[in-house]
Each structure stands twice: as C-alpha cells, then as structure tokens.
Amino acid sequence: MTLVGRKFPNIEVNAIDELGDTFKINILEKAKAENKKILLFWYPKDFTFVCPTELHAFQQHLAEFEKRNTLVIGASCDTAEVHFAWLNTAKDNGGIEGVTYPIVADSNRNLAKALGILDITNEDYNEETDSVLVEGDNVTYRATYLIDEEGTVFHEGINHMPLGRNVKEFIRLVDAFAHVQEKGEVCPANWEEGKEAMNANRDGVAEYLANHVN
C-alpha cells in the first residue's frame, strides 16, 4: 500500500553518523521537529556494488539538498558496526569514506517491514519445526521516500536491486513540491525549477497545452 499522502511510520530506529556515534532516530518526528523535508533512501547491503555508487552520489549532491531545507538519510538492514566499518573503507576499496549524512541501521527490520520493502519472495510455514522459512535475501529494495515538514510522504519509489537511482530527479521533485507549497500551482510533465507551472483548472491546462505542447 502506498504511503504517498500519509504520515511516515512513527517508528524509532538506530542510526550512525560518520564519527561512529550511534543514536535513535524517528524520521516522522525529526521532519516535524526540525521543520525540514527528508529524503530517506534505502539500499540492500553494505560492502556491495551498486550501493556505494549511490551513497557517494547522494553525498556529492548533499549541498543541493541542504540549501533546499532537505535532510538526506541513508538506510539499510546492516548493523551500525558494519556501517561504521564501511564508512572507514576507502573509495578505491569499495568503501563509502567521506559520506557525512546519517545512515539508519534497521537490523531488526522493524521499519523496513512496516514499509513493505523487504526482498521476501515467499514465506512457508514448516509444521515440523513450527517455523516460517523465507525465500529471498530479506534485505531492502532501493526504496526512496520524500517526506515533507509535517511528516507526510509526497513521493515514494522502489527500484529493483540492479538499478541505481538518478539523484538529480529527487532534487527536481523537491523543487517541484516546494513550488506547489509556495505558489499553489501544479507542476506539469518534465517541469524544472525556473520553468512555467500551471493553475489546476480547465483554463490553466488549456493555456499550458496551447503554449507548450506541439
């Protein structure tokens, strides 16, 4: 079930910063308390392949998010200790040294389960052992959530494991939502900051199509 238009789950999870300090974080409460938007992106595993390229890409654009009053937070089901080991591994060895934003360590999978983003293809109950056997790695897909200052989700997207994200698209989405918040206009297809938006009525769409669609 989509979370768009709903409050982000009110769940506290563990996280770690680049200094190795661990702390508790509640994404919903943080957005409201700091009056900031939050970009929360999940990736499958530390010490893998596509994942470090994404963490570095978000770091490279961190200043762009910050000037848009948006916090960037990474997340996976690895432990804080594994996160810290990866943070201390150099880029030329597949590491994420230099990443400064916090990373959620949802090792008990409480938040990932609530979001429904775990790679579980099948669950079978075994009567003999009275246990549930899971197929799949039980790690998260590449899920991304954009959350507003009230803790409401205004974008969610999920990529399969091999597909890395386009960080610039999330900057565009933050810009678009900020425009809607500030101007009350809606943003048409392929809208970018500085381009014309439109009024959400018949006259608005008619005028926009007449001027911008061949």
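Residues numbered from 1 in each chain as written. Predicted model: local features only at pLDDT ≥ 70, side-chain atom pairs only at ≥ 80, totals over all residues. Heavy atoms only, no water.

Asks: How do you make sense of the state of the cysteines when you look at a structure like this?
Replies: Note on terminology: disulfide describes a covalent bond linking the sulfur atoms of two cysteines. For the structure on display, the rule yields 0 disulfides. In this structure Cys51 is not part of a disulfide, and its nearest cysteine sulfur, from Cys77, lies 12 Å away. Residue Cys51 is classed as buried on the basis of its relative accessible area, which comes to 0%. (Disulfide = S-S within 2.5 Å. Buried < 20%, exposed > 50% of the residue type's maximum accessible area, 1.4 Å probe, protein only.)

Asks: Would you mind showing me how to read the side chain of Asp46 here?
Replies: Summarising the element assignment, Asp46 is placed in the loop between strand 3 (37-42) and helix 2 (50-60). For the buried residue Asp46, which engages in no salt bridge, the nearest side chain bearing the opposite charge is Arg142, 9.8 Å off. A polar side-chain atom of Asp46 sits 2.6 Å from a polar atom in the side chain of Tyr43. The contacts of Asp46, once residues within four sequence positions are left out, are Ser76, Asp78, Val82, His83 and Trp86. (Helix = DSSP H or I, 4+ residues; strand = E, 2+ residues; numbered from the N terminus. Lys, Arg positive; Asp, Glu negative; His and termini not counted. Salt bridge = Lys/Arg side-chain N within 4 Å of Asp/Glu carboxyl O. Polar contact = N/O pair within 3.5 Å; in protein donor to acceptor, adjacent residues only side chain to side chain. Contact = heavy atoms within 4.5 Å.)

Asks: Which parts of the structure should I look at to understand the sheet that holds strand 2 (residues 22-26)?
Replies: In space, the 7 strands of this open sheet follow the order 2-1-5-4-3-8-9, with mixed pairing throughout. The open sheet has two edge strands with one neighbour each: strand 2 and strand 9 (153-159). For this sheet, the mean angle separating the axes of adjacent strands, direction not counted, is 30 degrees. Sheet topology places strand 1 (residues 12-16) next to strand 5 (residues 103-105); 2 bridges connect them, and they run antiparallel. (Pairing = 2+ DSSP bridges. Axes fitted to C-alpha atoms, helices over the stretch in contact; angles between N-to-C directions.)

Asks: How do you make sense of the packing of aromatic side chains when you look at a structure like this?
Replies: The description of two aromatic rings rests on the distance between their centres and on the angle between their planes. Scanning the model with the defined rule gives 9 aromatic pairs in all. Between Phe8 and Tyr145 the ring centres are 5.8 Å apart and the planes differ by 75 degrees, which places this aromatic pair in the edge-to-face class. With Phe8 in the segment before strand 1 and Tyr145 in strand 8 (residues 142-147), the pair connects residues that are 137 residues apart, well separated along the chain. When sorted by exposure, Phe8 lands in the same class as Tyr145, which is buried. With 5.8 Å between their ring centres and 45 degrees between their planes, Tyr43 and Trp86 make a pair best called tilted. Placement of the pair is Tyr43 in the loop between strand 3 and helix 2 and Trp86 in helix 4 (residues 80-87), with a sequence separation of 43 residues. (Phe/Tyr/Trp six-rings, centres within 6.5 Å; stacked < 30°, edge-to-face > 60°.)

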